[in-house]
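# Tertiary structure, described
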Amino acid sequence: MNILLVDDDRYIVKALQEKVHWSALGIKHVFSAYNMQQAQEIIKTQAIQLLISDIEMPRGSGLELLSWVRQENYEVQAIFLTNYADFNYAQKAIELSSFEYYLKPIEYDKLELIIKKAVNKINEKRQASALSPNDRYVLERTFWYDHLRKPQRTDDQQALFLQDSRRMGLQLANDERLLPIVVSLDIDFTQHTANELTWSELLKSAIDQVLVAQPAYRLGALFKIDTWSEKYFLLLKRSQQLTGDFSLEMETLRQTLSQLTQQKIQLIVGNSANLDTILNQTKVLYDFLDQAVGHSQSVYLLRGKLPNLPAYQEEPFEITNFLLANSGQQLDDSLSQEMASFESQGLIALPVLKSLRLDITQKTGIYLDAKGILAHKLFQNVEHDFLLQRCYNSLEAFYSYLINYFETARNYIQLLDSKQSIAKILITYIDKHFTEDLNRKALAEVVYLSEDHLARLFKKETGQTLVNYITEKRLGLAKSLLLHSDEPIYQIASSVGYDNYSYFTKIFKKEVGVTPVEYRNTAQPRQR
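Residues numbered from 1 in each chain as written. Predicted model: local features only at pLDDT ≥ 70, side-chain atom pairs only at ≥ 80, totals over all residues. Heavy atoms only, no water.

## Some remarks on the overall build of the chain
- If you tally the helices and strands in the chain, you get 23 helices and 12 strands.
- A total of 528 residues make up the chain; the buried ones form 47% of that total.
- The contacts of the chain with a sequence gap of at least 6 include a subset with a gap of at least 24, amounting to 71%.
- Total accessible area on the chain is roughly 27600 Å²; 48% of this is exposed by carbon and sulfur atoms. (Helix = DSSP H or I, 4+ residues; strand = E, 2+ residues; numbered from the N terminus. Buried < 20%, exposed > 50% of the residue type's maximum accessible area, 1.4 Å probe, protein only. Contact = heavy atoms within 4.5 Å. Areas by Shrake-Rupley, 256 points an atom, 1.4 Å probe, with all protein chains shown as cover.)

Pasting the structure below:
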């Protein structure tokens, strides 16, 4: 590694050459210059990685020298030495991405620590630049994920972000801006396991294809947003020279991604930013997600405050009428009309949807409970969970959740009202599972009814109790095994659902009139 010392005071240059342990710091060659012009010639002809320069020099300042280095795109780290604690100097040094601003007089042990840190940073940057494009993307993606998945508007967060970005050597081209976007996929339940690739892999592949045809954009990062299903944070690096209708440009991007993924896509596009403002702009984007829900297959550009969205009103509609609707079309029409009353500029306030869902589920639960139906069991299935996890991704997703919720409740009410259906379901289930540990509670959960309501319904429809029907099935199998097998009676008891041998013998004698042993011994000879 090579270093260049620049100071118009030759005694300072000589002292630096002699008193700093350069070889121990990994410095191979130490070059020296006494003005800006000499320094420029050395930088042009030698591979200089680290520059230590005075700021105040008569033939061109150190700040001017570093400005020239940056304009010429030389990869050089800079440490400034100065006698003046001038804020303007420090501010300009920071703007030029200098590594350190050090006030004279020089304490060489402290200066060596600063040089060591600068050398480490140069080595880290070399390692990063030696990575393959894919490895570089992974490294940068991790950086963005760490800082943008939960951005905070604090000075400490901003300072840490900028420090990490410098350590990575992360820089934007002069004409680049960062564009934060939230991409939502509206996935149908029937398709959620149809792809061999994960949705994030499918979306990444689609974005890569789009960017091949859009050289003005580069991919910064893509990652799934915590707590959301199929919502992804996309960071694009965008050239400022782009012209034309930006909204049309984003709609074209949305349509292309939709075609490539074969899914409904929504884009929420934040304001463009630089490294100093990206945390704030990302926070604005996330705040939008917590405040409003829009339509799938739409683009929303954040250009100011949200519109005034209607608030939730109690008793929006009569739950009973929904559950007793005769057709799906009535559900569709009623929900469409109700949802439209809360919408403004294609958006509904997220708190409205949460209140609406809570109101509906509570009222539906009360209605079902009055009919003896266990609502928490009725909706305990994979499809309901899938729709619930995604119900706030878009207005269409919320609408699909409500339709599924109402139709599940209504269909089961209709099944319950069909009289014989519940008994047939239970008989079919018992016939398959009567040798297992069956009880009223377990059977009630099979058909989502309370235990007492189930028992009354079964007795009314079949003329016998659940216990009697199960006992009849078990003893019927036990008699067959007693006649046609040599199994010990205790094993037969266990195999037909009775773990307690004494209880099995008691029930058997009560229902058959003799004990299992007597039944086996007095019955006709067993077939061999």
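## Structural notes on the nonpolar core
- Trp144, Ile181, Leu368 and Leu454 are the most contacted members of the largest nonpolar core, which has 102 residues in total.
- In terms of residue count, the dominant contributor to this core is helix H16 (residues 395-417) (10 residues).
- Setting aside anything within four residues of it in sequence, one finds leucine 454 in contact with Ile422, Leu426, Arg440, Leu443, Ala444, Val447, Leu449 and Leu466.
- Membership of the second largest hydrophobic core comes to 20 residues, among which are Val20, Trp22, Ile79 and Leu81. (Core = buried A, V, L, I, M, F, W, Y, C linked by side-chain atoms within 4.5 Å.)

## Thoughts on helix H10 (residues 278-291)
- For H10, with 14 residues, the first-to-last C-alpha span of 20 Å sits near the 20 Å given by 1.5 Å per residue.
- Those residues of H10 that fall on the buried side of the exposure criterion are Ile278, Leu279, Gln281, Thr282, Leu285, Tyr286, Asp287, Phe288 and Leu289. (Expected span 1.5 Å × (residues − 1).)

## A closer look at the environment of glutamine 157
- Here glutamine 157 lies in helix H7 (residues 155-168).
- Once the C-alpha coordinates of glutamine 157 and histidine 147 are considered, the two residues, 10 residues apart in sequence, prove to be 8.4 Å apart.
- Apart from residues lying up to four places away in sequence, glutamine 157 is in contact with His147, Lys150, Pro151, Gln152 and Leu279.

## Remarks on helix H22 (residues 501-512)
- With 12 residues, H22 extends 16 Å from end C-alpha to end C-alpha; this agrees with the ideal 16 Å at 1.5 Å per step.
- Residues of H22 that are buried include every one of Phe504, Thr505, Ile507 and Phe508, and no others.
- If you follow the buried residues of H22, they end up packed against helix H20 (466-484), helix H21 (489-495) and helix H23 (516-522).
- The residue sitting at the N-terminus of H22 and contributing the capping side-chain oxygen is asparagine 500; that oxygen lies 3.0 Å from the backbone nitrogen of serine 502.
- Looking one or two residues past H22, glycine 513 carries a phi angle of roughly 100°, positive in sign. (Polar contact = N/O pair within 3.5 Å; in protein donor to acceptor, adjacent residues only side chain to side chain.)

## Observations concerning the packing of H20 against H22
- The geometry of H20 relative to H22 is characterised by a closest axis approach of 11 Å and an angle of 95° between their N-to-C directions. By the angle between their directions, the pair H20 and H22 is classed as roughly perpendicular. Contacts between H20 and H22 pair Thr471, Leu475, Ala478, Lys479 and Leu482 from the former with Phe504, Ile507, Phe508, Glu511 and Val512 from the latter.
- Residues that form the contact of H20 with H22 fall into these classes: seven nonpolar, one polar and two charged. (Axes fitted to C-alpha atoms, helices over the stretch in contact; angles between N-to-C directions. Parallel < 35°, antiparallel > 145°, perpendicular 65-115°, else oblique. Nonpolar A, V, L, I, M, F, W, Y, C, P; charged D, E, K, R; others polar.)

## Considerations on the sheet that holds strand S7 (residues 217-224)
- Reading across from one edge, S7-S8-S6-S9-S11 is the order of the five strands in this open sheet, with mixed pairing throughout. Where the open sheet ends on each side, the last strands, each with one partner, are S7 and strand S11 (299-301). Going across the sheet, the axis of each strand differs from the next one's by a mean of 20°, ignoring polarity.
- Contacts between helix H8 (residues 199-212) and the sheet are confined to strand S6 (176-186), S7 and strand S8 (231-239), with S7 contributing the most and set at about 175° to the helix.
- Its contacts with the sheet put helix H9 (residues 246-261) on S6, S7, S8, strand S9 (264-269) and S11, and the angle it makes with S9 is roughly 150°. (Pairing = 2+ DSSP bridges.)

## Describing the packing of helix H2 (residues 36-45) against helix H3 (residues 62-71)
- Where H2 contacts H3, the two axes come as close as 10 Å, and the packing angle between them is 25°. The angle between H2 and H3 falls in the class roughly parallel. In terms of crossing hand, the pair formed by H2 and H3 is right-handed. Only Glu64, Leu65, Trp68 and Val69 of H3 make contact with H2, whose side of the interface consists of Met36, Ala39, Gln40, Ile43 and Lys44.
- Here the contact of H2 with H3 is built from residues that sort into six nonpolar, one polar and two charged. (Left-handed = near helix turned anticlockwise from the far one by under 90°.)

## Examining the confidence of the model for the chain
- Looking at the chain as a whole, its pLDDT mean stands at 82, while 86% of the residues score no less than 70.
- For the chain, per-element mean pLDDT is lowest for helix H4 (residues 87-95), which scores 57, and highest for S9, which scores 95. (pLDDT = per-residue confidence, 0-100.)

## Focus: unusual backbone geometry
- One non-glycine residue, glutamate 230, lies in positive phi territory at about 60°.
- Tracing the backbone shows glutamate 230 in the loop between S7 and S8.
- On the basis of relative accessibility, which here comes to 7%, the residue glutamate 230 falls in the buried class.
- Even without a glycine there, the phi angle at glutamine 297 is positive, about 55°.
- Its place among the elements puts glutamine 297 in the loop between strand S10 (292-294) and S11.

## Overview of the pattern of salt bridges
- One pass over the full model with this rule turns up 14 salt bridges.
- Its salt-bridge partner being aspartate 226, residue arginine 149 comes within 3.5 Å of it at the nearest N-O pair. Of the two residues, arginine 149 is situated in the loop between helix H6 (133-148) and H7 and aspartate 226 in the loop between S7 and S8; the sequence distance between them amounts to 77 residues.
- Where glutamate 176 meets arginine 218, a salt bridge forms, and the shortest distance between an N and an O atom there is 2.8 Å. With glutamate 176 in strand S6 and arginine 218 in strand S7, the pair connects residues that are 42 residues apart, well separated along the chain.
- On the basis of relative accessibility, which here comes to 11%, the residue glutamate 176 falls in the buried class. (Salt bridge = Lys/Arg side-chain N within 4 Å of Asp/Glu carboxyl O.)

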